[in-house]
Amino acid sequence: MARKALLISPERCIGCRGCQTACKEWNHLPGTKTVNRGTVENPPDLTPYLYNRIRYIETATEADMVRWLFVSQRCMHCGDAGCIKICPAPGALFRTKEGAVAFNKEKCIGCKLCVAGCPFDVPRYDDKDKISKCHLCYDRTSEGLLPACAKTCPTGAIRYGERDALIGMAKKEGYGKVYGEADLDGLGALYAFIDPPKLYGMSEKPAIPESVVFWHKVLKPLAYIGLGGAVAAAVLHYVAFGPKKDEEVKKDE
Amino acid sequence: MNKMVRKANAFEIVNHWVLAGSFFVLAVSGFGFLFQLEQLNSVFGSFNTMKVWHNWAGVVFIVSLVLTIVHYLSVSLRFTSDDMEWFSKAGGYLSRRVKAPPQDELNAGQKLYYLVVLVAGIAISASGLVIWLRPASSDITRLVLISHLIHNICFDLLVFAIPAHIYLATLANPGTFRIMVYGTVPLEWARKRHQKWVQKIGV
């Protein structure tokens, strides 16, 4: 199956937060009490009960014009996902056939390593110590429905479809570079930015932490090599030199 | 009938088995987590249960490791010229003709091994506690990543060192294993391997 993705276009977003609400409704996520921080942006961050959130960014561009940007923040569904890589529990984090990164709370052991492995600070833990994040509505998409956020978006700021087609669409609309086109083997949440990603609160070069890559490529195989090496060395030593028998020790004298 | 001398007391023997047992549970479940070995579900039931075993075996391991300090630390920190010679001759393990220099209660290799286990054991325990007890916040990501790295480096070290220790204490040196069962060894055996110790206790 061709990989599916979201295309998020902040220039089309009117900040209505219908996607935030639709997501909560479909996923049965409870509301959270927040405080007035003097901004429309609310809640201030992703929570275990908020998979998708609109960031409101006030910024002055080089032309000295104040701009108000609305950007959907959520799991990026990385092609090479740090969370899946570091997760010790099989099936807790998994890739759907549409290419999304989904989770199974029953298999999650609550170790929270995925929080450290994620390049985008996305995974949250609920009150039962289980992972919680956007799963690209795989319970809808597997049945041919749109994700709740894309379904409800009134302006087409969140579009869902075949990843290649979405990239082509964004390019045709005049976006030279699509954020997430190649990073981390391609993100499953693509962003059509007209300005540098930093302006939208996104890292320019997202990457899995180097220590996690080192662990995966070197330390993991070394565990087998070390154990096997110790056993092999023991067998070789036993065959080549043999045990230190008491009689032999005596003879040495 | 050979005269026997006591090499380990009951506390030392029991504690060694507790340390070995907890390490075995930790290493098996550790491999399970490292490579997502679902076959281990037939032993532990589920990865959730395996995590409980791994964490609490870790607590047992920490207590047991701290208790070993009483028995082995002071002797392990005393390296003598005989010990240096022991290392240069590889303890006589790599030739049938080389004779190792006289050794203390622990030989030079055992001293080094103990220090490695103690340091790696403390490091793997401390990093394990961080991973276990951390809050879900991403503010401490750097600490968690460092702990994850230390935990795995120590694991690699220990899964090499401990099978080597088991080989050296069983097949490679017949007569050694009984220390962990009876605590005693024949006097003649002790004279050959721990000459300085036998002189010290004056049997």
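Residues numbered from 1 in each chain as written. Chains lettered and ligands numbered in written order. Predicted model: local features only at pLDDT ≥ 70, side-chain atom pairs only at ≥ 80, totals over all residues.

Caption draft 1: Fine view of the overall build of chain B. Scanning chain B from terminus to terminus reveals eight helices and two strands. If one aligns the C-alpha atoms of chain B with their principal axes, the spans along those axes are about 60 × 35 × 30 Å. Counting only residues that meet the buried cut, chain B has 27% of its 203 residues in that class. (Helix = DSSP H or I, 4+ residues; strand = E, 2+ residues; numbered from the N terminus. Buried ≥ 20, exposed ≤ 12 C-beta atoms within 10 Å, placed from the backbone.)

Caption draft 2: Layout of the nonpolar core. By size, the foremost hydrophobic cluster in this structure holds 67 residues, and its most contacted members are A:L6, A:C114 and A:L190. Excluding residues within four positions of it along the chain, A:L190 makes contact with A:A5, A:L6, A:L7, A:I8, A:L166, A:I167, A:A170, A:V178, A:Y179, A:G180 and A:E181. Counting residues in hydrophobic clusters, the runner-up holds 13 residues, among them B:F23, B:A57, B:L65 and B:V159. (Core = buried A, V, L, I, M, F, W, Y, C linked by C-beta atoms within 7 Å. Contact = placed C-beta atoms within 7 Å.)

Caption draft 3: Focus on the packing of helix α1 (residues 10-35) of chain B against helix α3 (residues 47-77) of chain B. All names here are of chain B. Direction vectors running N to C along α1 and α3 enclose 145°, while the axes themselves pass 8 Å from each other. As for how α1 packs across α3, the hand of that crossing is left-handed. Residues E12, N15, V18, L19, S22, F23, V25, L26, S29, G30 and G32 of α1 pack against M50, W53, H54, A57, G58, V60, F61, S64, L65, L67, T68 and H71 of α3. Residue composition of the contact of α1 with α3, by class: 12 nonpolar, 10 polar and one charged. (Axes fitted to C-alpha atoms, helices over the stretch in contact; angles between N-to-C directions. Left-handed = near helix turned anticlockwise from the far one by under 90°. Nonpolar A, V, L, I, M, F, W, Y, C, P; charged D, E, K, R; others polar.)

Caption draft 4: Expanded view of the interface of chain A and chain B. Contacts between the two partners involve 38 residues from chain A, matched on the other side by 38 residues from chain B. A per-class count over the side of chain A that touches chain B returns 24 nonpolar, four polar and 10 charged.

Caption draft 5: Main features of the pairing of strand β1 (residues 4-8) of chain A. Residues and elements named next belong to chain A. With respect to burial, β1 is a largely interior element, five of its five residues being buried. The side-chain alternation of β1 yields two buried faces, one formed by K4, L6 and I8 and the other by A5 and L7. Pairing of β1 with strand β8 (residues 158-162) involves five bridges; the strand directions are antiparallel. Bridge assignment links L6 to a residue of β8, and that residue is Y160. With three bridges connecting them, β1 and strand β9 (residues 189-191) associate as parallel partners. Pairing of L6 across the sheet is with A189, part of β9. (Pairing = 2+ DSSP bridges.)

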